[in-house]
Amino acid sequence: MTARTMSDDHRKKGNLRLALILASIAVVFFLGFIGKMVLLGK
């Protein structure tokens, strides 16, 4: 049972890391889109 708990914790950490990576990529794309609209919109 202890090994299963450790595996679950490891999986949760991996999922959190993946979520943070995907969120940061989404933020970069969003900022790039906004920047493009500002620079090319004028």
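Counting restarts for each chain, with residues numbered from 1 along the sequence as it is written. Where local features are concerned, this predicted model is filtered to residues with pLDDT of at least 70; where side-chain atom pairs are given and counted, the filter is 80 or more; whole-chain, interface and lining totals use all residues. Hydrogen atoms and water are omitted, and side-chain values are computed over all heavy atoms in the structure.

A run of H or I in DSSP becomes a helix once it reaches four residues, and a run of E becomes a strand once it reaches two; helices and strands are each numbered from the N terminus. From N to C terminus, the protein includes 1 helix and 0 strands. Residue burial considers only the protein chains on display, and all accessible areas are found by Shrake-Rupley using a 1.4 Å probe. When the accessible area of the protein is evaluated, it comes to approximately 4200 Å², of which 72% is carbon and sulfur surface.

On to a nonpolar patch on the surface. The grouping of V27, F30, L31, F33, I34, M37 and V38 at the surface amounts to a nonpolar patch, some 690 Å² of accessible area in total. Within the element layout of this structure, L31 appears in helix α1 (residues 2-41). Grouping into patches uses exposed residues only, defined as over 30% relative accessible area, and leaves out salt-bridged ones; the cut-off is 9 Å for like charges and 5 Å for nonpolar side chains (Val, Leu, Ile, Met, Phe, Trp, Tyr). A pair is scored as a salt bridge if a Lys or Arg side-chain nitrogen falls within 4 Å of a carboxyl oxygen belonging to Asp or Glu.

For the structure shown, the criterion picks out 1 salt bridge. Across the pair R11 and D8 runs a salt bridge whose closest N-O atoms are separated by 3.1 Å. On the criterion of helical spacing, the pair formed by R11 and D8 is a turn pair, its members being 3 residues apart in helix α1. For every residue, the accessible area obtained with a 1.4 Å probe (protein chains only) is divided by the maximum for its type, and the residue is called buried under 20%, exposed over 50%, and partly exposed between those limits. D8 gets classed as partly exposed once you look at its relative accessible area, which sits at 30%.

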